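# Remarks on the overall topology
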Amino acid sequence: MSNQQLQRFRNLPGHPLLLTILFVTLGATARAQLTAPEKKAIDYIDHHMADATQLLITSVNINSGTLNVAGVKKVGELYAAELKKLGFTIEWVNEPDSLHRAGHLVATHTGKKGKKLFLIGHLDTVFEPDMPAGPYTVLNDSTATGQGVNDMKGGDVVMITALQALEAAGQLKDMNIIAYFTGDEERSGSPHTVARKDFVERAKTCDIALAFESAMGLNTVAAARRGASGWTLDVTAKTGHSATVFSDSAGDGAIYEAARILNTFREQLSTEKYLTFNPGFIVGGSSVTVDPQDARGEALGKTNIIAPSAHVTGDLRFLTETQKEAAREKMRTIVTNSLPGTHATIRFSDGLAAMEPTPGNLRLVAQLSQVTKDMGLGETVAGDPGARGAGDISDIAKYLDCLDGLGASGKGAHKAGETINLKEYPLLIHRAAIFLYRLTR
């Protein structure tokens, strides 16, 4: 019986004592589906939620914006101390100085049997030190707020607490696990291939990857995430007096051509499921200068001059490589149909690959669903890939079976006032501990 069904029993009219007995009995029946080690792990979590919460509070109150190298390392030291107590070997992977990033925390546990798990977290948040402070603050009995409280310090603590519970239940000793916490998920160093070289190499040695990014509630998990890439559009055109625009001698100008291309993208591609493309930056005029490193640009133009240049950059998000390549081909075709007197080029840059909904990923969903059913929470299903962007797991999804969204639930990730759902938090840790246990039997 699902958690929602049990709650409905609680709300039925009738004698409160009888309803309480019924509720407890139904909960006990659901829990009877769990093994003795699983019950022991849950008991540990229930008796140590104060410790888990304190670890969360401490990490949230350390600013670890991606560019705050010292702050990212401090969060890493905090988590490393907890994992070291469990017998993990701790490493800090430095990135080249040219990337200007803190590096990554890697914790390895070697057991004697079972599949090897690659667990993914990240230490950084989008909130840099010059942004308004967002300390951990309890808003009510079910909600707290703070910088990165669900994305993803809440998820990091789900992972660590689940491992602590398995150790307390006597089950961690045989497990083969690499817990990898990147220091720059929110804004990876460039080139990205260098920033993720060690991450990818270690993942290839494992059988299953599980990422603890934000959960979409108790009954949904991510079996797929869209990939992300970039595109750059440059337009040149004849210039001249504005009174001659649209004439055979002058043509239509660069800004009209850029507008045509962008609107045709929208008309021909915007209805395709899981495909999005967003022009996030545009400049045009008589003279254009662009600083791609800082995403800044300047344009000089007058209303009586036909603009000879325009520059646009955007992103392209997709569920499969096939969808990405098909979209790029359509965009190239649109670009070549130039207005009179203009010429346009488009170039594409790869970012994060898509985590495609493979059969292996869907098998993991079914295994997790059995966990939540045995917990009395009901079925777990694969969530909508369109609800998520790309993440660290996307870099390794083509190498092994993957799931994401195993962390904390809440709202407003990447925004001031980001929240965590405190009611669901213990249950999500229960779910993680049992799932890790069953995957390694």
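Reading guide: rules and limits
- Each residue is numbered by its place in its chain's sequence as written, counting from 1.
- In view of the model being predicted, local features appear only for residues whose pLDDT reaches at least 70, and side-chain atom pairs are presented and counted only at 80 or more, with totals across whole chains, interfaces and linings using the full set of residues.
- Remark: hydrogens and water are excluded; side-chain values derive from all non-hydrogen atoms of the structure.
- Helix numbering and strand numbering both begin at the N terminus, where a helix is a DSSP run of H or I of at least 4 residues and a strand a DSSP run of E of at least 2.
- Throughout this description, buried means an accessible area under 20% of the type-specific maximum (1.4 Å probe, protein chains only), exposed means over 50%, and partly exposed covers the range between.
- Positive charges come from Lys and Arg, negative ones from Asp and Glu, while His and the chain ends are left out of the count.
- Just to be clear on terms, a salt bridge is a Lys or Arg side-chain nitrogen sitting within 4 Å of an Asp or Glu carboxyl oxygen.
- Polar contacts, as counted here, are pairs of nitrogen or oxygen atoms within 3.5 Å of one another; within protein the pair requires one atom able to donate a hydrogen and one able to accept it, and residues that are adjacent in sequence qualify only if both atoms are side-chain atoms.
- Throughout, a contact is declared for two residues whenever any of their heavy atoms are within 4.5 Å.
- Side-chain rings of Phe, Tyr and Trp (the six-membered ring for Trp) are treated as a pair once their centres are within 6.5 Å; stacked means planes under 30 degrees apart, edge-to-face means over 60, and tilted covers the remaining angles.
- Every residue gets a pLDDT, meaning the predictor's confidence in that residue, from 0 to 100.

### A closer look at the side chain of Glu185
- Inspection of the secondary structure puts Glu185 in the loop between β6 (176-182) and α7 (192-195).
- Among buried charged residues, Glu185 stands out as having no salt bridge; its nearest opposite-charge side chain is Arg225, 5.2 Å away.
- Here His122 takes part through its side chain, which lies 3.4 Å from a polar atom of the side chain of Glu185.
- With residues near it in sequence (within four places) discarded, Glu185 still touches His122, Asp124, Arg196, Glu213, Ala390, Gly391 and Asp392.

### Some thoughts on the packing of aromatic side chains
- Scanning all chains against the criterion turns up seven aromatic pairs.
- Both rings, one in Tyr79 and one in Phe181, keep their centres 5.7 Å apart while their planes meet at 40°; by these two values the pair is tilted. Of this pair, Tyr79 sits in helix α5 (residues 69-85) while Phe181 sits in strand β6, and the two are 102 residues apart along the sequence. For the pair Tyr79 and Phe181, a shared accessibility class is recorded, and that class is buried.
- An angle of 85° between the planes, with centres 6.4 Å apart, marks the rings of Phe265 and Phe277 as edge-to-face. Taken together, the residues Phe265 in helix α9 (residues 254-269) and Phe277 in strand β10 (residues 276-285) connect sequence positions twelve residues apart. Neither Phe265 nor Phe277 differs from the other in exposure class; each is buried.
- Among the aromatic residues, those joined into a ring-pair cluster are Phe118, Tyr180 and Phe199.

### Digging into the confidence of the model for the protein chain
- On average, residues of the protein chain carry a pLDDT of 92, and 93% of them reach 70 or more.
- Confidence drops under pLDDT 50 across residues 1-27; counting only partners more than four residues distant or on other chains, this segment forms 27 contacts.

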